[in-house]
Amino acid sequence: MLENDFFQEVKDFVFNLFKNELSPKVVYHNYNHTLQVVEAVNEISLAENISEDELEILLLAAWFHDTGFIKGYKNHEESSKEIAKDFLTKKGFSEEKIAQIFLLIDVTKMPQNPTTKLEEIICDADLFHL
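Throughout, a residue's number is its position along its own chain's written sequence, starting from 1. Local features in this predicted model are restricted to residues of pLDDT 70 or higher, and side-chain atom pairs are both shown and tallied only at a pLDDT of 80 or more, whereas totals for entire chains, interfaces and linings draw on every residue. To get the side-chain values, all heavy atoms of the structure are used, and hydrogens and water are removed first.

*Asks:* Got a minute to help me understand the packing of aromatic side chains in this structure?
*Replies:* Two measures describe an aromatic ring pair: the distance that separates the ring centres and the angle between the ring planes. Two rings belonging to Phe, Tyr or Trp (six-membered ring only in the last case) form a pair when the distance between their centres is within 6.5 Å. Interplanar angles under 30 degrees mark stacking, angles over 60 mark edge-to-face geometry, and anything in between is tilted. Considering all chains together, one arrives at eight aromatic pairs under this definition. Relative to Phe-87, the ring of Phe-6 has its centre 6.3 Å away and its plane inclined at 40°; by these criteria the two rings are tilted. Residue Phe-6 is located in helix 1 (residues 5–21), and its partner Phe-87 is located in helix 4 (residues 76–90); the two are separated by 81 residues in the primary sequence. Exposure remark for Phe-6: the relative accessible area of 18% places this residue in the buried category. Remark: exposure states derive from per-residue accessible area (1.4 Å probe, protein chains only) relative to the maximum for the residue type, with buried under 20%, exposed over 50%, and partly exposed in between. With relative accessibility at 8%, the residue Phe-87 sits in the buried group. On the numbers, 5.1 Å between centres and 85° between planes, the contact of Phe-15 with Tyr-31 is edge-to-face. You can see Phe-15 sitting in helix 1 and its partner Tyr-31 sitting in helix 2 (residues 31–47), a full 16 residues away along the chain. According to the relative accessible area criterion, Phe-15 is partly exposed, its value standing at 38%. Each helix is a run of H or I in the DSSP string that is no shorter than four residues. Each strand is a run of E no shorter than two, and both are numbered from the N terminus.

*Asks:* Help me understand the nonpolar core in this model?
*Replies:* Across soluble globular proteins, nonpolar side chains have a tendency to be buried as a group. Definition used in this section: a nonpolar core is a set of buried Ala, Val, Leu, Ile, Met, Phe, Trp, Tyr and Cys residues joined via side-chain atoms within 4.5 Å. Val-41, Leu-60, Phe-64 and Leu-88 are the most contacted members of the largest nonpolar core, which totals 40 residues. For this core, the secondary-structure elements that each account for two or more residues are helix 1, helix 2, helix 3 (52–64), helix 4, helix 5 (95–106) and helix 6 (117–126). A per-element tally of this core places helix 3 first, with nine residues. Not counting chain neighbours up to four residues away, the residues in contact with Leu-60 comprise Phe-6, Phe-7, Val-10, Leu-88, Phe-93 and Ile-101. Only heavy atoms enter the contact rule, under which two residues are in contact if any of them lie within 4.5 Å.

*Asks:* Explain unusual backbone geometry to me, please; I cannot follow it from the model alone.
*Replies:* Peptide bonds are, in most cases, trans, and in most cases residues other than glycine have a negative phi. Pro-111 follows Met-110 through a cis peptide bond whose omega is -5°. Note on placement: Pro-111 falls in the loop between helix 5 and helix 6. In the Ramachandran plot, Asn-49 falls in the positive-phi region, its phi being about 55° despite a non-glycine side chain. Mapped onto the fold, Asn-49 is located in the loop between helix 2 and helix 3. Among the residues examined, Asn-49 registers a relative accessible area of 69% and is labelled exposed.

*Asks:* Would you take a moment to explain the pattern of salt bridges for this structure?
*Replies:* Where charged atoms from two side chains of opposite charge come close, those side chains can pair. Whenever a carboxyl oxygen of Asp or Glu lies within 4 Å of a side-chain nitrogen of Lys or Arg, that contact is scored as a salt bridge. Using the criterion set out here, one finds nine salt bridges in the structure. Across the pair Lys-81 and Glu-78 runs a salt bridge, and its minimum N-O distance is 3.1 Å. With a gap of three residues between them, Lys-81 and Glu-78 both fall in helix 4, about one helical turn apart. For Glu-78, a relative accessible area of 35% translates into the label partly exposed. With a closest N to O distance of 3.4 Å, Lys-90 and Asp-86 form a salt bridge. With Lys-90 and Asp-86 both in helix 4 and four residues apart, the pair spans about one turn of that helix. Where salt bridges share partners, they join Glu-78, Lys-81, Asp-106 and Lys-109 into one cluster.

Such coordinate-based values are descriptive only and should not be taken to indicate function.
Right, here's the structure in full:
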């Protein structure tokens, strides 16, 4: 896993977002689920020999993929992308990297239909508990 100050900031941001804004009625798509997906992305990525740049994109998609649940279940992926874009733009991420992260968030929609290795990794990680 990419362990650095930036990813600690992402982790803290997502933790506080869920803690302060997620409805208590949401019992599954929460911080613990997100952390499990991040850990699964890391584990699968290591086995798949993913580059550090690809791992960064995967981990960011994993951290943000369900943050939209703070605004409700319906179309939560769109809300997740808005939250990610706001955060990542402020951190100086390029539109190209943000677009790659958006593709990975979108592919977690059910039913999943991954077509690339990175998409397969995040989909598998999202369903790792099964």
